[in-house]
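# Coordinates in review
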Amino acid sequence: MTAACFADLGHRVVVRDIQPERIRLLQSGEIPFFEPGLGDLISKNKDRLTFTLDVQEAVSGAEVVYVCVDTPPMASGDADLSRVWAVIDALKDATHLAAVVVKSTVPVGTGERVRAALDGAGLSHVGYAANPEFTAEGKAVADFLGPDRVVVGTADAATAALVRELHEGVDGPVEVMDVPSAEMVKLASNALLATKISFINEIATVCEATGADIEEVAKAIGMDHRLGPHFLKAGLGYGGSCFPKDSRALSALASNSGYPFQLLNAVIQVNELQPRRAIQRLKSVLGTFKGSRIALLGLTFKPGTDDMREAPSGIIAARLLAEGAQVRCWDPLARLADVEPWASTTRHSSPMEAVTGADAVIVVTEWPEVKAIDWAAAGSVMRRAVCFDGRNLLDPQELAAAGFTYMGVGRATQTPA
Ligand code: UDX
């Protein structure tokens, strides 16, 4: 994505990946994952884009190297930087480079260690910058080309000017700062967004106990310009490749310096509880899950993506199976590995097929197809018309009128009209 966007800005870009299948697909004009607009951007800029498995081929003619590898969490919660170091090691002879730029999300302090490693390899004349990624899946191209801000962390003015120049044509301000601050902006931004989500999910729980309606509450909170309307949607919690990983990484980073980041730890804990609470609440209506059939509508961590990383659906399916339910799944894009819990579930080609014979349906991801369901028809093919709306996607009154017992997150339960 970074490569395609830089090519679109007029730069020549060589993409190197270690996975042969990915490179083969990209060379043949295909995208190895779902991202709207990316395929078009790659084909529009194909003359400026090449793909290779060979790191030296990628580096030899380059002026700038962008490091965009993943930094998955280790068992300790710390980020695994081995892929970053593998790239840095491969640059030992790249004395012709003007700069190395790290886009990967890394713990604060990594850039200073990379700088020392470059200096140790005789590359002190090569600039270094941190240039974190703030794009959201499903709108990554638009986020890159029209960002709220571009953050550049570097210790030298020449590198700052070079990275700024690379972004010429991007519609957004460039903020230059020191390297540790740039690294922190990424982790802190994601942690604050995660905090907003867990906060509204906690308010939703209090709404359930007190009779307030989270949708009314969140809407009016968001009208305060100091708070803003975004990331105040109550639901089954956040998932994806960034929020869960980055919040744990920031917590681990704080713990490593002897400081327990209690607020962030609570944010993480609330998020982990959210799908489990949903299962408990549904159980209180059904009595037991033993022998029941439950339909999950939507599996991906959000709509508009095929990404299953840290999706709450995994916890929900596993809990239901553990309680003795059969789990029937529908999702328009999710690609499920043949591992548990998915191996023990059934996959259906339409929402209607998934709900047929079910004792309850759980809306896990707010896909438009779920909103468009004819709920009266769905209720008539279910064994029991019970809906747990994990994303507050549906109109509670409409569901009650269609004969459903309806439960949402932070809203009053409706009984059939
Ligand atoms: C996020 C950040 O938005 C992006 O800036 C960063 O670079 C990567 O992480 P992404 O993971 O693609 O992007 O998803 P996003 O749209 O932000 O949603 C993350 C999760 O939060 C989803 O599971 C979503 O369902 C959940 N969410 C979001 C809520 O539960 N409530 C909200 O109000 C907003």
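Residues numbered from 1 in each chain as written. Predicted model: local features only at pLDDT ≥ 70, side-chain atom pairs only at ≥ 80, totals over all residues. Heavy atoms only, no water.

## Concerning the site of the ligand
What counts, and what does not: Think of it this way: one heavy atom of a residue within 4 Å of a molecule or strand is enough to make that residue near it. Polar contacts, as counted here, are pairs of nitrogen or oxygen atoms within 3.5 Å of one another; within protein the pair requires one atom able to donate a hydrogen and one able to accept it, and residues that are adjacent in sequence qualify only if both atoms are side-chain atoms. Each residue is assigned to one of three groups, with Ala, Val, Leu, Ile, Met, Phe, Trp, Tyr, Cys and Pro labelled nonpolar, Asp, Glu, Lys and Arg labelled charged, and all others, Gly among them, labelled polar. Where each domain begins and ends is defined by an automated method or by a domain database.
Not every one of the 18 residues close to the ligand is listed here, only the nearest: Phe134, Thr135, Glu137, Lys233 and Phe301. Contact between the ligand and glutamate 137: an oxygen atom at 2.7 Å from a main-chain N or O atom of the residue. In the model, an oxygen atom of the ligand is placed 3.0 Å from a nitrogen or oxygen of the glycine 239 main chain. Across the shell around the ligand, the residue classes tally to 9 nonpolar, 3 polar and 6 charged. The residue makeup of the shell around the ligand includes at least three contributed by each of domain 1 (2-177) and domain 2 (213-417).

## What about the sheet that holds strand β7 (residues 174-177)?
Our working rule: Paired strands, as defined in this entry, are two strands with at least two bridges between them according to DSSP. Numbering of helices and strands runs from the N terminus; a helix is a DSSP stretch of H or I covering at least four residues, while a strand is a stretch of E covering at least two. The angle between two axes is taken between their N-to-C directions and runs from 0 to 180 degrees, where each axis is a line fitted to C-alpha atoms and a helix contributes only its stretch in contact. Residue contacts follow a heavy-atom distance rule, with two residues in contact if any of their heavy atoms lie within 4.5 Å.
One open sheet holds the 5 strands; their spatial order is β3-β4-β5-β6-β7, and the pairing between them is mixed. The open sheet has two free edges, formed respectively by β3 (64-67) and β7, since each of these has just one partner strand. Taking the axes of each pair of neighbouring strands and ignoring which way they run, one obtains an average angle of 25° across the sheet. When β3 meets strand β4 (residues 99-102), the two strands line up parallel, connected through 4 bridges. In the sheet register, valine 64 faces β4, and the bridge partner there is alanine 99. The strands that helix α9 (residues 179-210) touches are β5 (127-130), β6 (150-154) and β7; relative to β6, the one it contacts most, it runs at about 145°.

## So, the pairing of strand β11 (residues 360-363)
Let me state the cut-off plainly: Note on exposure labels: buried denotes an accessible area under 20% of the residue type's maximum, exposed denotes more than 50%, and partly exposed covers the range between, all computed with a 1.4 Å probe on protein chains only.
A two-sided burial pattern is seen for β11, the buried positions comprising Ala360 and Ile362 on one face and Val361 and Val363 on the other. Here strand β8 (residues 293-297) runs beside β11; their pairing, made up of 4 bridges, is parallel. Its bridge partner lying in β11, leucine 296 is registered against isoleucine 362. Alignment of β11 against strand β12 (residues 386-389), held across 3 bridges, turns out to be parallel. The residue of β12 that forms the bridge with valine 363 is aspartate 389.

## Some remarks on the nonpolar core
To keep it simple, the criterion reads: As used in this record, nonpolar core signifies buried Ala, Val, Leu, Ile, Met, Phe, Trp, Tyr and Cys residues forming a set joined through side-chain atoms within 4.5 Å.
If you look at the biggest cluster of nonpolar residues, it comprises 32 residues, and the most contacted ones within it are Ile294, Leu296, Leu320 and Ile362. Going through the elements one at a time, α9, α10 (214-222), α12 (262-286), β8, α13 (312-322), β9 (326-330), β11 and β12 are the ones with two or more residues in this core. With 4 residues, α12 is the single largest residue contributor to this core. The contacts of leucine 320, once residues within four sequence positions are left out, are Ile279, Phe289, Ile294, Leu296, Ala325, Val327 and Ile362. Counting residues in hydrophobic clusters, the runner-up holds 29 residues, among them Leu26, Ile42, Leu49 and Val141.

## Some words on the sheet that holds β11
On the basis of which strands lie adjacent, the open sheet formed by 6 strands has the order β10-β9-β8-β11-β12-β13 and parallel pairing. Of all the strands in the sheet, just β10 (346-347) and β13 (405-407) have a single pairing partner and so form its edges. In this fold α12 packs onto β8, β11, β12 and β13, with an angle of close to 165° to the strand it touches most, β12. Sheet strands in contact with α13 are β8, β9 and β11, and its direction is about 175° off that of β8.

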